[in-house]
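Below are the chains, spelled out letter by letter.
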Amino acid sequence: DAGVTQSPTHLIKTRGQQVTLRCSPKSGHDTVSWYQQALGQGPQFIFQYYEEEERQRGNFPDRFSGHQFPNYSSELNVNALLLGDSALYLCASSSTGNTEAFFGQGTRLTVV
Amino acid sequence: EDQVTQSPEALRLQEGESSSLNCSYTVSGLRGLFWYRQDPGKGPEFLFTLYSAGEEKEKERLKATLTKKESFLHITAPKPEDSATYLCAVRATTDSWGKFQFGAGTQVVVTP
């Protein structure tokens, strides 16, 4: 079992650009959540996808959007990047009816 | 609003020196309290889930306990490999979909 996998591991983008991050959930999981973790802080909830629909959203602007595919994998898109978007982006997968979530290794995004 | 506060922010221990980390939470109703371990630049690794006051879970040198307002993570006779940031998170009963509210974490350094 490969667990939750994210790609890429590191990314450098210029302010104003757009970025797409990818996540494959743990085998048997159908729900994917995305979190942003700034340095020295705990992860902050961005949104959650289930059955290819955004089910819940945190306090993030519309520049942050996502998608879930029929195989349960997911993408996080961020438009018009700001310097403040620099962070570790984490994907967490879970299965309906279970409370635990398992995280990927994250994508370190640096905006310059 | 749900809140999670962890203390101390940082902890430096000698190998073998036992200690405890605190996680205080405010939530309308607790669906679960979660402990994760996070190594630098990596995603959080699941440790424990606690559901009700009085519950305890153990794993190697770690033991988590839960009361109605806080949780403790006890580290017994720590080793250098226990050095990491320990994150606490809660899920509320009002949240049907699995959004985690994280604390900022406690950074633990264990020196030989």
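Please refer to the structure higher up on the page.
Residues numbered from 1 in each chain as written. Chains lettered and ligands numbered in written order. Predicted model: local features only at pLDDT ≥ 70, side-chain atom pairs only at ≥ 80, totals over all residues. Heavy atoms only, no water.

Caption draft 1: Structural detail: the environment of Gly-16 of chain B. Residues and elements named next belong to chain B. Its location among the elements puts Gly-16 in the loop between strand 2 (10-14) and strand 3 (19-26). Taking the C-alpha atoms as reference points, Gly-16 and Glu-58, separated by 42 residues in sequence, lie 17 Å from one another. Residues in contact with Gly-16, not counting those within four places in the same chain, are Ala-77 and Pro-78. (Helix = DSSP H or I, 4+ residues; strand = E, 2+ residues; numbered from the N terminus. Contact = heavy atoms within 4.5 Å.)

Caption draft 2: Spatial organisation of the nonpolar core. In this structure, Leu-21, Leu-33, Trp-35, Leu-73, Tyr-86 and Val-108 of chain B are the most contacted members of the largest nonpolar core, which totals 24 residues. For this core, the elements supplying multiple residues, two or more each, are strand 2, strand 3, strand 4 (30-38), strand 5 (45-50), strand 7 (62-66), strand 8 (70-75), strand 9 (84-92) and strand 11 (106-111) of chain B. Top contributing element to this core by residue count: strand 9 of chain B, with 5 residues. Beyond its immediate stretch of four places on either side in the chain, Tyr-86 of chain B contacts Gln-6, Leu-21, Trp-35, Tyr-36, Arg-37, Leu-47, Leu-62, Leu-73, Ile-75, Gly-105, Thr-106 and Val-108 of chain B. Counting 20 residues, the second-largest nonpolar core is a separate cluster that includes Ile-46, Phe-64, Tyr-89 and Leu-109 of chain A. (Core = buried A, V, L, I, M, F, W, Y, C linked by side-chain atoms within 4.5 Å. Buried < 20%, exposed > 50% of the residue type's maximum accessible area, 1.4 Å probe, protein only.)

Caption draft 3: A look at the pattern of salt bridges. Considering all chains together, one arrives at 7 salt bridges over all chains under this definition. In this structure, the salt-bridge partner of Glu-54 of chain A is Arg-57 of chain A, at a minimum N-O distance of 3.1 Å. Residue Arg-37 of chain B pairs with Asp-39 of chain B through a salt bridge whose shortest N-O separation is 3.0 Å. Of the residues examined, Arg-37 of chain B reaches a relative accessible area of 15% and is grouped as buried. Taking the relative accessible area as the measure of exposure, Asp-39 of chain B reaches 27% and is therefore partly exposed. (Salt bridge = Lys/Arg side-chain N within 4 Å of Asp/Glu carboxyl O.)

Caption draft 4: Looking closely at unusual backbone geometry. At the junction of Ser-7 of chain A and Pro-8 of chain A, the peptide bond is cis and its omega measures out at -10° in the coordinates. Cis geometry is adopted by the peptide bond preceding Pro-8 of chain B, which originates at Ser-7 of chain B and carries an omega value of -10°. You can see Pro-8 of chain B is positioned in the loop between strand 1 (3-7) and strand 2. Phi at Glu-52 of chain A is positive, roughly 65°, even though this residue is not glycine. Note that Glu-52 of chain A resides in the loop between strand 5 (44-50) and strand 6 (53-57). For Glu-52 of chain A, a relative accessible area of 41% gives the class partly exposed. Located in the positive-phi region is Tyr-72 of chain A, a residue other than glycine, with phi close to 80°.

Caption draft 5: Fine view of the sheet that holds strand 6 (residues 56-59) of chain B. Residue and element names in this part refer to chain B. The strand order across the open sheet built from 5 strands is 1-3-8-7-6, with neighbouring strands paired in antiparallel fashion. Both outer strands of the open sheet, strand 1 and strand 6, are each paired with one neighbouring strand and no more. Across the sheet, the mean angle from the axis of one strand to that of its neighbour is 15°, orientation sign disregarded. The sheet contact formed by strand 1 and strand 3 spans 5 bridges and is antiparallel. In the strand pairing of strand 3, Gln-3 is matched with Thr-26. (Pairing = 2+ DSSP bridges. Axes fitted to C-alpha atoms, helices over the stretch in contact; angles between N-to-C directions.)

Caption draft 6: Region of the structure containing the sheet that holds strand 7 (residues 64-68) of chain A. Residue and element names in this part refer to chain A. One open sheet holds the 4 strands; their spatial order is 1-3-8-7, and the pairing between them is antiparallel. At either margin of the open sheet sits one strand with a lone partner, and together these are strand 1 (5-7) and strand 7. Put simply, the sheet's adjacent strands are angled 20° from each other on average, direction ignored. Relative to strand 8 (residues 74-78), strand 3 (residues 19-24) runs antiparallel, the two being bridged by 5 bridges. By the bridge assignment for strand 8, Arg-22 is matched with Glu-75.

Caption draft 7: Main features of the interface of chain B and chain A. Listed as interface residues are 21 residues of chain B and, on the opposing side, 20 residues of chain A. Both faces considered, chain B and chain A share a buried interface measuring about 1,700 Å² in area, 55% of it formed by carbon and sulfur atoms. Counting every contact that joins chain B to chain A gives 0 salt bridges. Inspection of the chain B/chain A interface yields 6 residue pairs in polar contact (both at pLDDT 80 or more). Within the residue set of the side of chain B that touches chain A, elements represented by two or more residues are strand 4, strand 5 and strand 9 of chain B. At 4 residues, strand 4 of chain B tops the list of elements feeding residues into the side of chain B that touches chain A. (Buried area = accessible area lost by both parts, 1.4 Å probe. Polar contact = N/O pair within 3.5 Å; in protein donor to acceptor, adjacent residues only side chain to side chain.)

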